[in-house]
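Observations on chain architecture
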Amino acid sequence: AMSKVLILSTIILVFFSCTNQAEIENVKVPEKIVSYNTETLKEEEVEMESIAGDFKIYTLIDVSCATCLINIEKWDAFAHEKEANGLTVLPICYSKDNFELLKYLVESDKLGNVSIPLYLDTNNTFMHQNDSLISEHGKFTALTDTYGKILAKGDPTEDSDVKKKYLKLIIHESE
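Since the structure is predicted, the reported quantities are computational estimates derived from the model, not experimental observations.

**Focus on the nonpolar core**
- Ranked by internal contacts, the top residues of the largest apolar core, which has 31 residues, are Val-63, Ile-72, Leu-87, Leu-102, Leu-111 and Leu-143.
- For this core, the secondary structure elements donating two or more residues are strand 1 (32–36), strand 3 (55–62), helix 2 (70–79), strand 4 (87–94), helix 3 (100–107), strand 5 (118–120) and helix 5 (160–174).
- Ranked by the residues each element gives to this core, the list is headed by helix 5, at five residues.
- The contact partners of Leu-87, leaving out residues within four places of it in the chain, are Phe-55, Lys-56, Ile-57, Phe-78, Leu-143 and Ile-170.
- Counting 18 residues, the second largest nonpolar core, distinct from the first, contains Val-27, Met-48, Leu-90 and Ile-92.

**Remarks on the packing of aromatic side chains**
- Evaluation of the coordinates by the stated rule reveals three aromatic pairs.
- On the basis of an interplanar angle of 20° and a centroid distance of 5.9 Å, the ring pair of Tyr-58 and Phe-126 is categorised as stacked. Taken together, the positions of Tyr-58 in strand 3 and Phe-126 in helix 4 (residues 125–129) put the pair 68 residues apart, joining distant regions of the chain. Phe-126 shares its class with Tyr-58; the two are buried.
- With centroids separated by 6.4 Å and ring planes inclined at 45°, the aromatic side chains of Phe-126 and Phe-140 adopt a geometry described as tilted. Pair noted here: Phe-126 is in helix 4 and Phe-140 is in the loop between helix 4 and strand 6 (141–145), with a separation of 14 residues, a long-range link.
- Among the residues examined, Phe-126 registers a relative accessible area of 0% and is labelled buried.
- By relative accessible area, Phe-140 is classed as buried at 4%.
- Members of the aromatic cluster, connected to one another through ring pairs, are Tyr-58, Phe-126 and Phe-140.

**A few points about the state of the cysteines**
- One pass over the structure, following the stated rule, counts one disulfide.
- Between the sulfur atoms of Cys-65 and its disulfide partner Cys-68 the distance amounts to 2.1 Å. Here the S-S torsion is close to 85°, and the disulfide linking Cys-65 with Cys-68 is therefore right-handed. As far as the burial class goes, Cys-65 and Cys-68 line up, both buried.

**Remarks on the sheet that holds strand 1**
- Taking strand neighbours across the sheet as the criterion, the seven strands line up as 2-1-5-4-3-6-7 in an open arrangement whose pairing is mixed. What marks the edges here is a single partner per strand, and that holds for strand 2 (43–47) and strand 7 (150–153). Each strand of the sheet is rotated relative to its neighbour by a mean of 30°, with strand direction disregarded.
- Examined bridge by bridge, strand 1 and strand 2 share five bridges and lie antiparallel to one another. By the bridge assignment, Ser-35 is partnered in strand 2 with Glu-44.
- Against the sheet, helix 2 touches strand 3, strand 4, strand 5 and strand 6, its axis set at about 165° to strand 3.
- Running at roughly 30° to strand 1, helix 3 makes contact with strand 1, strand 2 and strand 5 of the sheet.

Thresholds, definitions, all that
Residues numbered from 1 in each chain as written. Predicted model: local features only at pLDDT ≥ 70, side-chain atom pairs only at ≥ 80, totals over all residues. Heavy atoms only, no water. Core = buried A, V, L, I, M, F, W, Y, C linked by side-chain atoms within 4.5 Å. Buried < 20%, exposed > 50% of the residue type's maximum accessible area, 1.4 Å probe, protein only. Helix = DSSP H or I, 4+ residues; strand = E, 2+ residues; numbered from the N terminus. Contact = heavy atoms within 4.5 Å. Phe/Tyr/Trp six-rings, centres within 6.5 Å; stacked < 30°, edge-to-face > 60°. Disulfide = S-S within 2.5 Å. Pairing = 2+ DSSP bridges. Axes fitted to C-alpha atoms, helices over the stretch in contact; angles between N-to-C directions.

Here you go:
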């Protein structure tokens, strides 16, 4: 009788530890966010759910940090790669200076050629809603499906293994 209890409790334990691990994480998006077009310098409030894309990469960028702004160009280049076709890159920008450094660099043509829209998290809503997903260094990058379910985490612009993983997932999920 003792061994049956042991086996049963082991099965229950394994079952619960597996289901707990498979807890699906989602990126929580604010209802509205400011879209900033660096080519026309236009800002407009958009509904985040209306942003199309079968696959989305959300990445946080601190645009009040000059060295972090280089990431915007990296993401723009990544978004225009042939393999990244069908992928919507959403750079979520946050700032300690009311986006002044970013706007100054864009308006004075010092940012480089960036054609993807930047999303300004003006009230840090995105940051607060996804608090548990963001590293202590304020970093967060994730690949999601169209509904915001996280498929993978990591920065494909900095790590080629992450990039391979992302592209494999996109090809696999699209089939």
